[in-house]
Structure formats: structure tokens, C-alpha cells
Amino acid sequence: MTAALEIAGLHVRIGQHDVVDGLDLVLAAGAVTGLIGPNGAGKTTALDAISGFVPAAGGRIALAGVAIERHGPHRRARLGLARTFQAQELFEDLTVDENLRVAGAPGHAAGDTRLPAELSASERSTLALDRALAGHPSVLLLDEPAAGLDGAGRATLAKRLRAIAADGTAVLLVDHDMGLVLDVCDRVTVLEAGRVIAEGPPADVRVDPRVVAAYLGAPASAPAAGNRAAAPAPGPPLLDARGLTAGYGGVAVVRGVDLTVAAGEVVALLGLNGAGKTTTMLALAGVVPRWAGTVTVLGETRARPHRLARLGLACARQAQAPFAGLSVAEHLRLVRGPGAGAGTGGVLDRLPALRPLLHRPAGLLSGGEQRMLALALALAARPKLLLVDELSLGLAPQVVHDLLRTVRRLADEDGAGVLLVEQHPHLALGVADRGYVMARGQVIVEGGTGQLQDHMAGAGLLAPP
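This one's a predicted model, so the numbers in the text were calculated from it and none came from an experiment. (Residues numbered from 1 in each chain as written. Predicted model: local features only at pLDDT ≥ 70, side-chain atom pairs only at ≥ 80, totals over all residues. Heavy atoms only, no water.)

(A) Fine view of the overall build of the protein. From N to C terminus, the protein includes 16 helices and 21 strands. Per-residue burial for the protein yields a buried fraction of 52% across its 465 residues. Restricting the contact set of the protein to residue pairs at least 6 apart, pairs at least 24 apart contribute 68%. When the accessible surface of the protein is split by element, carbon and sulfur atoms take 54% of a total near 19,800 Å². (Helix = DSSP H or I, 4+ residues; strand = E, 2+ residues; numbered from the N terminus. Buried < 20%, exposed > 50% of the residue type's maximum accessible area, 1.4 Å probe, protein only. Contact = heavy atoms within 4.5 Å. Areas by Shrake-Rupley, 256 points an atom, 1.4 Å probe, with all protein chains shown as cover.)

(B) Highlighting helix α1 (residues 43–51). For α1, the tally of buried residues reaches 8 of 9 residues, placing the bulk of the element in the interior. The complete set of buried residues in α1 reads Lys43, Thr45, Ala46, Leu47, Asp48, Ala49, Ile50 and Ser51. Glycine 52 lies just past α1 and shows a positive phi near 95°.

(C) View of the nonpolar core. Membership of the largest hydrophobic core comes to 49 residues, with the highest contact counts inside it found for Leu332, Leu351, Leu375, Leu386, Leu391, Leu403 and Leu420. Within the second largest apolar cluster, 32 residues are counted, among which are Val254, Val261, Met281 and Leu308. (Core = buried A, V, L, I, M, F, W, Y, C linked by side-chain atoms within 4.5 Å.)

(D) Local environment of the packing of aromatic side chains. Under the criterion given, the structure shown has 1 aromatic pair. Aromatic pair phenylalanine 53 and phenylalanine 85: ring centres 5.5 Å apart, planes at 80°, arrangement edge-to-face. In this pair, phenylalanine 53 sits in the loop between α1 and β4 (58–63) while phenylalanine 85 sits in the loop between β6 (81–83) and α3 (96–102), placing the two residues 32 residues apart along the sequence. Classification of phenylalanine 85 as partly exposed rests on a relative accessible area of 24%. (Phe/Tyr/Trp six-rings, centres within 6.5 Å; stacked < 30°, edge-to-face > 60°.)

(E) The arrangement of the sheet that holds strand β21 (residues 442–448) in detail. Pairing in this open sheet of 6 strands is mixed, and the strands run β15-β18-β19-β13-β20-β21 from one edge to the other. The outermost strands of the open sheet, each flanked by one partner alone, are β15 (313–316) and β21. On average, each strand axis in the sheet is inclined to that of its neighbour by 15°, with strand direction left out of account. Across 6 bridges, strand β20 (residues 434–439) lies against β21 in antiparallel orientation. Paired with arginine 434 across the bridge in β21 is glycine 448. (Pairing = 2+ DSSP bridges. Axes fitted to C-alpha atoms, helices over the stretch in contact; angles between N-to-C directions.)

(F) Quick look at helix α4 (residues 121–133). An ideal rise of 1.5 Å per residue puts 18 Å on 13 residues; α4 measures up with 19 Å between its terminal C-alpha atoms. Of the residues making up α4, those classed as buried are Arg124, Ser125, Leu127, Ala128, Leu129, Arg131, Ala132 and Leu133. Summarising the contacts, the buried residues of α4 are in contact with β6, α3, β7 (139–143) and α5 (151–166). (Expected span 1.5 Å × (residues − 1).)

(G) Structural detail: the pattern of salt bridges. All told, the structure shown has 23 salt bridges when counted by the stated rule. The shortest N-O distance in the salt bridge between arginine 124 and glutamate 92 comes to 2.8 Å. Taken together, the residues arginine 124 in helix α4 and glutamate 92 in the loop between β6 and α3 connect sequence positions 32 residues apart. One network of salt bridges, with partners in common, ties together Arg350, Arg409, Glu413 and Asp414. (Salt bridge = Lys/Arg side-chain N within 4 Å of Asp/Glu carboxyl O.)

(H) Highlighting the sheet that holds strand β2 (residues 17–28). Read from one edge of the open sheet, 4 strands run β2-β1-β4-β5, paired in antiparallel fashion. Looking at which strands have only one partner, the edges of the open sheet turn out to be β2 and β5 (66–67). As paired strands, strand β1 (residues 3–14) and β4 are joined by 5 bridges and run antiparallel to one another. Paired with leucine 5 across the strands is leucine 63, a residue of β4. In this fold α1 packs onto β1, β2 and β4, with an angle of close to 115° to the strand it touches most, β1.

Following this line, the structure appears as C-alpha cells:
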């Protein structure tokens, strides 16, 4: 295969940190190359340097034999280099059709007049990819395109990536979805702390001891549903919703939802993309207006979000963005628990991966590290009730397992109630006491983890991502 992009000795230094240290990579036309590694390994920074969004301190980048390391992003794009972003970076105030036409694509024949906020996660991912392909690039860089996708969405993405490569495009795929990486990649390179620790065919990389230790973790690190030691009986209800209905722009997204969370238990809220899980969580927290029904949170039925936070409600939201210029330590110092003063005590013991990042500006954290920071801020508030939205999004497998254990400990040791919103049921059911399954804005099944496991398996929704 012909080399479409050659990277030799790429080095990126941000502040005092060597984020990428001597990366060598060859992307072949017609092939999909995976770039994986634990959170903070330097994967997104490598894409940023290749595409010209951050300066490289050293190394050579050649596109079709032409050195481009001194070119700006726009020149690289004109030469045939395109990319997507972890946060997708769509024009939120433009329609789908306008997003495509801005990128040079003609858009859909009928014209899609929906705004990106009205799209499902799968549709947003498709739009981001369509926009990157608008200029018919010879090299395509993809940053976490499978984040937030369900099984059907990932299968569609995998098929499309192979088709893109079959047309002669060189694809570099950064993603934590190992199933996707193993299915579509011809070769995989693994980064840890900015350096390559393994490279080769996917099947070889998957069993490399260095990769398992640094990234994948031991297979038994996530408890299976029903195998967890019996937890004490749950305490009094902290959250009780009856007939909750909520939505946006006059359109009901969730309808008639009944849901409870008691002290000392973890409750999973499961369902495919677009089922209404996140809207339910935001309505419970008072962030999205409730149109009908009764919701009691920590004894309050009409309290606003800031009042609920003072009472002990904390949320780790999917789209939570940190203050880019503040360090991790400064973020934690901003948090106060209910009547507890500075709320950082014990957080770093539960999230030790943040300890070496304390003095790093949040804007320099990877997407996965920012997710960890969002959870840390919620834990630092010493919540009585914690709502967590898509904990696994953008995180390496071993990190996900560690954070799920942290959530379980919060219920077991602190007596907090936890609502765990998650589209990957095999993860949530490993730590939950019971749960609910949503579809089309309504709860369709509720029960213990064993019952939900049987339901999701029968529906073909229980396979790991």
C-alpha cells in the first residue's frame, strides 16, 4: 500500500509536559490504523499536532511526500488532510444541511432543517463524519467517533470506515471502543505517556502484556451482574419521581416516568441513544423544566438546582466543561460540600489517577481526564445523592472499571444514593442494585440486575462495547 501520511519523531511539549514523545507512524492509503492508549496518553494531542492545531516541537509530517509540519491547519486541509473532533465541534446554530454546505458538501437533496441539538448521538457522529469527508480527503483523522454510540451505531460506523478505506483513503482511528478497533483496523499503535509501547496487527496488540497492563486491565476487573456481594438494605428514598414528563421546544422527550433512588443503593438507568435517559436525569435535577408529574429530591418538590446542590445533590454531566485556565487542584478547591467546608478530602484517594494532574490546567486534560475531573467535582461535594451521566464516555476500559468501583463505594461506605445513567448495560449492571430500562421516552422495564440482564440479553443489548 502507498504511504499517504508519514510521521517521524513527532514531539509535542505543552508547558512543562512532554505530551507526545517521538511518535513514528505511517498511514497507508486504503488502510485503517488505530491509535489507542489510556486516558492522557497523548492520542488527541497527536491528532492536534498532525492537523496543525497545536505546534510540534520536533519531528516530520509528510502528506503524500510533502512536508507539512510548518503549514497551518487550513493549508493541510486543502492538501487533503481532514479530521473530526472528540467534542464533534458542530455549528450548533446551523441546520444539518447548512453544516454540510459550510464544509463544501451539497447537503441532503431534501435539506435537513434540524439543528444539531435535535439529533441523536449517532446522527451527530454521522454529521461530523460527513462534514470531514466533504472535501474528499486523502487522509482522515478520527477522534473518538464511537463515543456515545450504541451497538447498532457502532456496527454502522464500522461498516462505513471500511468503505471509506476501500475508496483509497488513509484512516487514523482514535477510540476507546476496543471492539470497533479490533474489527476495522489493519494495524494498531498503542501510546502510554506519549510514547509508543506496542504496534502491530490488532489481534497481537490485544494480548500484548504491556497493553493489558497499561490500558485494558485484567478481564475480571469489572464485576459481573449478580456476582457482587449482597449490599445492606437500602435506606430512605432520596429521589422519588411520579409521572415525570419533560422535553424541549414544546416536544415531550420523556413521558410518565416513575423512578426512585434510596440511600445506599446504585440504580441504573439504561436504554439506547435517544431513549430519554439524559433528559430524565436533567429534569430530575431541575435543569430541564418538568411539564407534569411530581418529583421529590432530598425532601424538596419545587427547589431550584442551586438549592438542591446545597441539600446534597451532585451531578456529573456528560457535557460538563471545566474552566480551561484553572488547574485540577483549583477546581477541587472551588467545591464545597453541604456544611462541610473544603470538599477535597478523600477524593484523590478514590480517584488516584487525578493526583499527578493536580497542577495541570484543565484545558490541557484529555477528554477522558476531564470526565474524571467532572466526577471528582461531584464527589468533592460529599453528595447525599449523585446523578452520573454516561460515566464510560471517552474513558479507557480499566479507568471505567475503577470509576464504577468508586461509585459503588460511595453508596456502600457513605450511604449515598446513585443514579447511574449508562448506555452500556453490562457496565452498569455490574455495580447496580436494580434499574430501569427506557425506550422512546418511557420506562419499559424495571427490576433487579438479574431481571434486567435477562431482558437486555434477550433484546441483544448486553454485549460489551
